Amino acid sequence: SILAIYGLVVAALIAQGLNPAPKYDIFMGFCDFAAGLSVGICGLASGFAIGIVGDAGVRSTAQQPKLFVGMILILIFAEVLGLYGLIVAIILHVKVTNKQ
């Protein structure tokens, strides 16, 4: 799933910006921590929403095939939650890289 790739991208960004203790202060640590939390929690919420919508969508499409397009649109909206977490994580990481 693309949600896992979002987490991998943020982990690579954070790992690239790590420095020894004098250069890496507590502000940078908390910004990186918040970036990881934002992408992780948004990915968890997005996966949960995709599971619920997918289950209900498959059941409703089996009864009424015209609902397929609506189900796909709602799945896209549920996927965007994870993208929002990635955007917030990138913004937080940019704060850290600008401080260095």
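Remember, predicted model here, so these are calculated numbers, not experimental data.

Definitions and limits used
- Residues numbered from 1 in each chain as written.
- Predicted model: local features only at pLDDT ≥ 70, side-chain atom pairs only at ≥ 80, totals over all residues.
- Heavy atoms only, no water.
- Helix = DSSP H or I, 4+ residues; strand = E, 2+ residues; numbered from the N terminus.
- Contact = heavy atoms within 4.5 Å.
- Polar contact = N/O pair within 3.5 Å; in protein donor to acceptor, adjacent residues only side chain to side chain.
- Salt bridge = Lys/Arg side-chain N within 4 Å of Asp/Glu carboxyl O.
- Buried < 20%, exposed > 50% of the residue type's maximum accessible area, 1.4 Å probe, protein only.
- Core = buried A, V, L, I, M, F, W, Y, C linked by side-chain atoms within 4.5 Å.
- Expected span 1.5 Å × (residues − 1).

> Help me understand the environment of Ser-46, please; the structure alone is not making it clear to me.
Within the secondary structure layout, Ser-46 lies in helix α2 (residues 26-63). Separated by 32 residues in the primary sequence, Ser-46 and Ala-78 place their C-alpha atoms 5.6 Å from one another. Among residues more than four places away in sequence, those in contact with Ser-46 are Leu-3, Ala-78, Glu-79, Leu-81 and Gly-82. Looking at Ser-46, its side chain comes within polar contact range of the main-chain oxygen of Ala-78, at 2.7 Å.

> In this structure, what is going on with the pattern of salt bridges? I would like to understand it.
Working definition: two side chains of opposite charge can pair if their charged atoms are close together. For the coordinates displayed, the defined rule picks out one salt bridge. Close ionic contact of Arg-59 with Asp-55 constitutes a salt bridge, the shortest N to O distance being 3.0 Å. Here Asp-55 and Arg-59 lie together in helix α2, a separation of four residues that amounts to about one turn. A relative accessible area of 56% means that Arg-59 is categorised as exposed. Overall, the relative accessible area of 39% leaves Asp-55 in the partly exposed class.

> Before we go on, may I ask you to explain the nonpolar core in this structure?
When a protein is soluble and globular, its nonpolar side chains tend to lie buried together. Listed in full, the eight residues of the largest apolar core are Leu-3, Tyr-6, Val-10, Ile-14, Ala-35, Val-39, Leu-86 and Ala-89. Those elements giving two or more residues to this core turn out to be α1 (2-16), α2 and α3 (68-99). Tallying contributions element by element places α1 first for this core, with four residues. Once you skip the residues sitting within four places of it in the chain, Leu-86 turns out to touch Tyr-6, Val-10 and Val-39.

> Sorry if this is basic, but what is going on with the environment of Ile-90 here?
Residue position: Ile-90 is located in helix α3. For Ile-90, a relative accessible area of 35% gives the class partly exposed. Between the alpha carbons of Ile-90 and Ile-50 there is a distance of 23 Å; along the sequence they are 40 residues apart.

> Explain α2 to me, please; I cannot follow it from the model alone.
Think of an α-helix as turning once every 3.6 residues; residues three or four places apart then point the same way. Look at α2: 55 Å from first C-alpha to last across 38 residues, which is about the 56 Å you get at 1.5 Å a residue. Among all positions of α2, only Met-28, Cys-31, Asp-32, Ala-35, Ser-38, Val-39, Gly-43, Ser-46, Gly-54, Gly-57 and Thr-61 are buried. Lining the buried residues of α2 we find α1 and α3.

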